[in-house]
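Notes for the structure review
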Amino acid sequence: MIGLALAMVRARPGQALTAFLLAVFAMAAAVSAPVYSTTADRAVVHSQVAAAPTSERVVQARRTSPSPQDHEFENLLPQLFNGGGFASVFSTEYDIMIVPDDLKIEPIAPRFVYRDDVCAHVRITAGRCFISETEVILSTAQVQQLGVHIGDVLQAAYAKTDPKGGDFFEAGKRAQLTLVGSYDPINKAEQYWSDLDYFNPRASARFTTEPALAGRLTLEAMEHGPEKQALDVVIDDSAITRESLDGISAQVQAGKGKLEALPGHAVVSTGLPALLTRIDGDRSLVAQVVPVAAVPLVLLCWFVLFIAVASATQERRRELGLFSLRGLTAPRRWWLAAGESIVPILGGAVAGFFLGHYLVRFAAWALLSTSSDVPISAGLNWWAGVSLGGALLAALLAQRAELAKRTVDLLRNVPSRLSRWSAPVFEVVVVVLAAVSVVQLRRGGSGLTGFALVAPSAVVIAVALVAARLVLPIAERIGRRASRRGRIGPMLAAYALSRRPGTQRILALFVVAIGLLVFSATAAGASADARDHRARVQLGASRVLTVDPLTRAALLSKVRAVDPHGQFAMATAMLPPAEDGTPPVLAVDSQALAATALWDDSRISAAEAATLLHPPLGRDPIQVDNKEISLDVTIDKLVDAFRVHWVAVVVPEDGSDVGRVDLGAVTTGRKTYVRNLPMCVNGCRLAALELEQPEERGFDATVVLHSLSQHGKAIVDEAGFAQTDSWRVPDTPGPKLLVPTLTGQQDGLRAEISNYKGADTAMRVMPTDVPNPLPLIAARTAGFGDHITGLDGALQPTQLAGEVETVPRLGYGGGIVDLDYAERLSTDGGDARYPQIFLGPKAPADVVDQLRKQGLTISLDRPLGPVRDALDEQGPAIALRFHEMAGVLAVILAVGALWLVASLDRQRRRGELRALRAQGVSRRDASASGYLALVGTAVLLAPFAALASWLLVREYLPVFSDDAQGFKAAYWPSPMPVIVAWAAAAVVLAAAAVVAGARLRAAATTKR
């Protein structure tokens, strides 16, 4: 029997080749899903690791040694993190005091630091790096400050701080250190220096801002107290792979446990668990989303295989009838009928198994940023088994209808008609299953899992089957109308569409194939739009620079020094977080908002937003310099006001530390308080005039401010003080804080606090040179109240100036205010939180160099492109590329099905066409196939099937693998990718229909 089956295969090679190719396609499609998942798995791990901040690939341990002789921490290090891919840096330090020989020069108290391989990360500006014990290198600034030279011997001793005054003092014996070199750090922002803040530019009791560097033996030799030790382990990108995830996690956890068990309370922190959690989530999404496209592709392969075998079996009806007539038993007839299909299907499955691997390798090379060869064994799983089993079952079911017929029916040369009930029942079952899968998806809450996995494709298939059934009666009516009008060609085409066996199946197949491609293009386009929008909003500008901490005034002045007109650079800083859950707020230099920010709101433009945030007031800040100021004040009443002083709060324009200038102890009666302002050499802004009690006790006071003068001229006269709308007091919601009541009178401004009764008080008067409440533009869904936390931590009333869909950097959950106005409303002149600089498209190529010349240290430079690329390499985006590939393969499969149907029609209708030609019907009319009409109908119906599926499952298709913070795929993506996909499918199928029709016309040629 096997030999007979092989002989039948050789006798009909065309049919065998068709079954072979379809089996190849089905197995390749089935194998491609797990192989692509494995490949995408590796790409996801690589992309997540590459995009992760360094803090998520670092293990940090911090410890204070119990005693100077304790070395357990560093002795344990060689046993930890010693595998490939780990780079460890150990450091230890304590404070020393270096006393210069010249008594006129103040001593300095630097951090005395040993750090592994430090010489490779500093630039030696003079001399050399340390080599042996007692050798030390100082920064270039320290060498100049101390007035020493290379080769000098320095006197140094272990130092401690005075708990009362905070000053450093010698706490150990002096030792002699030889200065062998001076250095400058190559890059203060590189990961090597970690978060240990070695180069803090703030002035302090150390009288220096850099550490002194020496070898480990040098630090051990000096008499000292406990050491501050640190370990920084950086995990290399190449060390975290799909195969090494579990091993690295286990090694990090084991090392963390051993370090924490040491005496001295070692604090170990790492962001690796967050990275691993994100990678696991990404891998899970890939595993969910890839089968969504693979399942319908395999089903289509089975369906086309079913059509091919069923059509071939119909062509062999007479042969099967002779088998039955000659007495062959039913099992033998089944084997002879099935063997001719099973043999090429088995051969095609083997070829398709290997083809699927190489197809995915090519797709990974073309679609993924990184790829690697996946072993052949990756496809040996239940996907391959199900694909092969489904192909064999489809072949057997395709023959069932003919083999179940009586012998006389098989011997008749009349085509079989579809069952009157089986097809509608099948369609009803598909529609019900589609509805069940959608309900499970929308109500199950677990996403694309279980039966909900087939929801997108099930909806497309259900709509295609229903549409195909509705089209056939329409085609029948068109045929009758053409018949009445005598149009033979359209009549034959319409009847071929409505009456030909299997036409409904082919039409449904075309609708499904085009619909899947359009759906994948819609999903990919909407997801790409969402990623574009998220990247633009969360970054905020086409390029964003993060700078090292500095004061807000310095940030604003230095950026404006580079771009005074706001053409390409904008300073930004975050306001402090609120304890009451108020959404975050970003302060921006609004004069540059329109030129730098990526602003996408359609209701309020960036230029309009800048005007709303910074409305002109007509009042300028009160400017003072370093000369003496005179404050003329009358104090009418003081109750419990012990050791109270007048204080002028000034904020230097150059960004240096805020000044709180003591104008002197207060006395009752009228008096002029005079004091110079040494910190205001480059000019200051007067932030406040206040009565300060050193212990912050409450008191009652009634004062009248008459005038403020400098250089013998009144900065604010009595009339200026009398304008109460030009002055304000701290905001005081509720009874927690008592603030003065302001009253204008003829000789100045009256400020009064009475009956404090133990409550907190703030006798502070501030100029109103900005709008108060502060204008705020908020995201529509953010939910702001009437207060925010100001830059100085005080509550600041706000007024909603406008609502937008998203705000730069904060998206759907934040707001923006003007940085200049917010800074004028503050009184602390403190550091900027998360200082950044937004750069616009007009930024010059050397903008970073210009900013560095202003004294800004750029720690991070983030252009928009890499941020967008990182989102493109998340799991959902990678998985959707498989959807697009599956859609293309579905269209190719539809072309093969059309070619198959045309080949069978050409054989079956050859005699019919010649008979029509013999009766005088033109060649064109006789060969009217309806293929082009079939394709045209499918092209029109497919977008509606894809649209129905998209609207039902859109919100459940994952777009991002991390916290999307409100960003999701829109209902309507950019139309161009969808139109291109739809038009490409239409052109390809139409071209196949034209060629198939031409072959059929060739079969109609006959001699009269």
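For the structure itself, consult the block above.
If you're wondering where the values come from, they're calculated on a predicted model, not measured in any experiment.

Description of the state of the cysteines
Enumeration over the complete set of coordinates arrives at 2 disulfides. The residue that forms a disulfide with Cys119 is Cys129, at a sulfur-sulfur distance of 1.8 Å. In this structure the cystine formed by Cys119 and Cys129 twists about its S-S bond by roughly -65 degrees; its chirality is therefore left-handed. Pair noted here: Cys119 is in the loop between strand E3 (111-115) and strand E4 (122-127) and Cys129 is in the loop between E4 and strand E5 (135-139), with a separation of 10 residues, a long-range link. Sequence-ordered numbering of the bonded cysteines in the chain yields a pairing of 1-2, 3-4.

Comments concerning the pattern of salt bridges
Taken as a whole and assessed by the stated rule, the structure comprises 33 salt bridges. Where Glu805 meets Arg603, a salt bridge forms, and the shortest distance between an N and an O atom there is 3.7 Å. Placement of Glu805 in the loop between strand E31 (795-804) and strand E32 (815-818) and of Arg603 in the loop between helix H17 (593-596) and helix H18 (606-613) is noted, with a sequence separation of 202 residues between them. For Glu805, a relative accessible area of 28% corresponds to the partly exposed category. The partner of Glu752 in a salt bridge is Arg750, and the shortest N-O contact between them spans 3.9 Å. Judged by relative accessible area, which is 29%, Glu752 ranks as partly exposed. Taken together, the salt bridges that share partners define one network made up of Arg62, Arg115, Asp195 and Asp232.

Considerations on the packing of helix H15 (residues 503-539) against helix H26 (residues 931-953)
Between H15 and H26, whose axes approach to 7 Å, the crossing angle comes to 45 degrees. Classified by the angle between their axes, H15 and H26 sit oblique to one another. For the pair H15 and H26, the sense of crossing is right-handed. Contact residues: Thr503, Ile506, Leu507, Phe510, Val511, Ile514, Gly515, Val518, Phe519, Thr522, Ala523 and Ala526 in H15; Leu934, Val935, Thr937, Ala938, Val939, Leu941, Ala942, Ala945, Ala946, Ser949, Trp950 and Val953 in H26.

Examining the environment of Arg534
By secondary structure assignment, the location of Arg534 is in helix H15. Of the residues examined, Arg534 reaches a relative accessible area of 4% and is grouped as buried. Setting aside residues no more than four positions away along its own chain, Arg534 makes contact with Leu539, Leu871, Phe960, Asp962, Asp963, Ala964 and Phe967.

Some points on the packing of aromatic side chains
Tallying each qualifying case throughout the model produces 12 aromatic pairs. Between Trp193 and Tyr198, the ring centres sit 5.8 Å apart and the planes meet at 75 degrees, which makes this aromatic pair edge-to-face. The two residues Trp193 and Tyr198 agree in class, both being buried. Taking 6.4 Å as the distance between ring centres and 65 degrees as the angle between the ring planes, the aromatic pair formed by Tyr198 and Phe199 counts as edge-to-face. Note on accessibility: Tyr198 and Phe199 belong to one class, buried. Through a chain of ring-to-ring contacts, three or more aromatic side chains come together here, namely Tyr192, Trp193, Tyr198 and Phe199. Over the ring of Tyr192 we find Arg115, and its NZ or CZ is 5.0 Å from the ring centre. When the ring centre of Phe960 is taken as reference, the NZ or CZ atom of Arg534 above it lies at 4.6 Å.

Notes on the nonpolar core
Among the nonpolar cores identified, the biggest contains 139 residues, and Tyr36, Phe510, Ile514, Leu593 and Phe882 are the most heavily contacted of them. Broken down by element, the residue count for this core peaks at 20 residues, all from H15. For Phe510, the residues in contact, after removing those within four places along its chain, are Ala894, Leu898, Leu934, Val935 and Ala938. Core analysis: the next-biggest nonpolar cluster, separate from the first, contains 47 residues, Phe90, Val252, Leu262 and Val268 among them.

Quick notes on the environment of Val459
Secondary-structure assignment places Val459 in helix H13 (residues 455-484). Along the sequence, Val459 and Val512 sit 53 residues apart, while their C-alpha atoms lie 9.7 Å from each other. Setting aside residues no more than four positions away along its own chain, Val459 makes contact with Ala434, Val438, Ala948, Ser949 and Leu952.

Some remarks on helix H22 (residues 864-872)
What H22 keeps buried is the set Val867, Arg868, Leu871 and Asp872. Down the axis of H22, the sector holding all buried residues measures 145 degrees, keeping them to one side.

Some remarks on the pairing of strand E29 (residues 774-779)
Among the 6 residues in E29, 6 count as buried, and that is most of the element. Pairing analysis gives 6 bridges linking E29 to E31, with the strands arranged parallel. Paired with Pro775 across the strands is Gln799, a residue of E31. Alignment of E29 against E32, held across 2 bridges, turns out to be antiparallel. Bridged to Ala778 within E32 is Gly815.

What to know about unusual backbone geometry
Going from Asn772 to Pro773, the amide bond is cis rather than trans, its omega being 15 degrees. Following the sequence through the fold, Pro773 ends up in the loop between strand E28 (764-767) and E29. We note that Asp197 has phi near 55 degrees; this positive angle belongs to a residue other than glycine. Along the chain, Asp197 falls in the loop between strand E8 (175-185) and strand E9 (212-214). Located in the positive-phi region is Tyr834, a residue other than glycine, with phi close to 50 degrees.

A look at the sheet that holds strand E14 (residues 585-588)
Sheet strands line up and pair through hydrogen bonds in the backbone, either parallel or antiparallel. Taken together, 9 strands build an open sheet; the order of strands is E30-E31-E29-E32-E14-E13-E33-E12-E34 and the sheet is mixed. Edge positions in the sheet fall to strand E30 (787-789) and strand E34 (858-863), since each of these pairs with one other strand and no more. With strand direction ignored, the average angle separating the axes of adjacent strands in the sheet is 35 degrees. Across 4 bridges, the pairing between strand E12 (residues 543-547) and strand E33 (residues 833-839) is antiparallel. Residue pairing across strands places Thr546 opposite Gln836, the latter belonging to E33. Set on the sheet, helix H16 (residues 552-562) makes contact with E12, strand E13 (569-574) and E33; between it and E13 the angle comes to about 170 degrees.

Some thoughts on the packing of H15 against H22
Between H15 and H22, the shortest axis-to-axis distance is 9 Å and the interhelical angle comes to 140 degrees. Looking at the two axes, H15 sits oblique to H22. The hand of the H15/H22 crossing is right-handed. Facing H15, whose interface residues are Ala528, Arg531, Asp532, Arg534, Ala535, Arg536 and Leu539, H22 presents Leu864, Val867, Arg868, Leu871 and Asp872. Tallied by class, residues from the contact of H15 with H22 come to 6 nonpolar, no polar and 6 charged.

About the criteria used
- Residues numbered from 1 in each chain as written.
- Predicted model: local features only at pLDDT ≥ 70, side-chain atom pairs only at ≥ 80, totals over all residues.
- Heavy atoms only, no water.
- Disulfide = S-S within 2.5 Å.
- Helix = DSSP H or I, 4+ residues; strand = E, 2+ residues; numbered from the N terminus.
- Salt bridge = Lys/Arg side-chain N within 4 Å of Asp/Glu carboxyl O.
- Buried < 20%, exposed > 50% of the residue type's maximum accessible area, 1.4 Å probe, protein only.
- Axes fitted to C-alpha atoms, helices over the stretch in contact; angles between N-to-C directions.
- Parallel < 35°, antiparallel > 145°, perpendicular 65-115°, else oblique.
- Left-handed = near helix turned anticlockwise from the far one by under 90°.
- Contact = heavy atoms within 4.5 Å.
- Phe/Tyr/Trp six-rings, centres within 6.5 Å; stacked < 30°, edge-to-face > 60°.
- Lys NZ or Arg CZ within 6 Å of the ring centre and 35° of its normal.
- Core = buried A, V, L, I, M, F, W, Y, C linked by side-chain atoms within 4.5 Å.
- Arc of directions from axis to C-beta.
- Pairing = 2+ DSSP bridges.
- Nonpolar A, V, L, I, M, F, W, Y, C, P; charged D, E, K, R; others polar.

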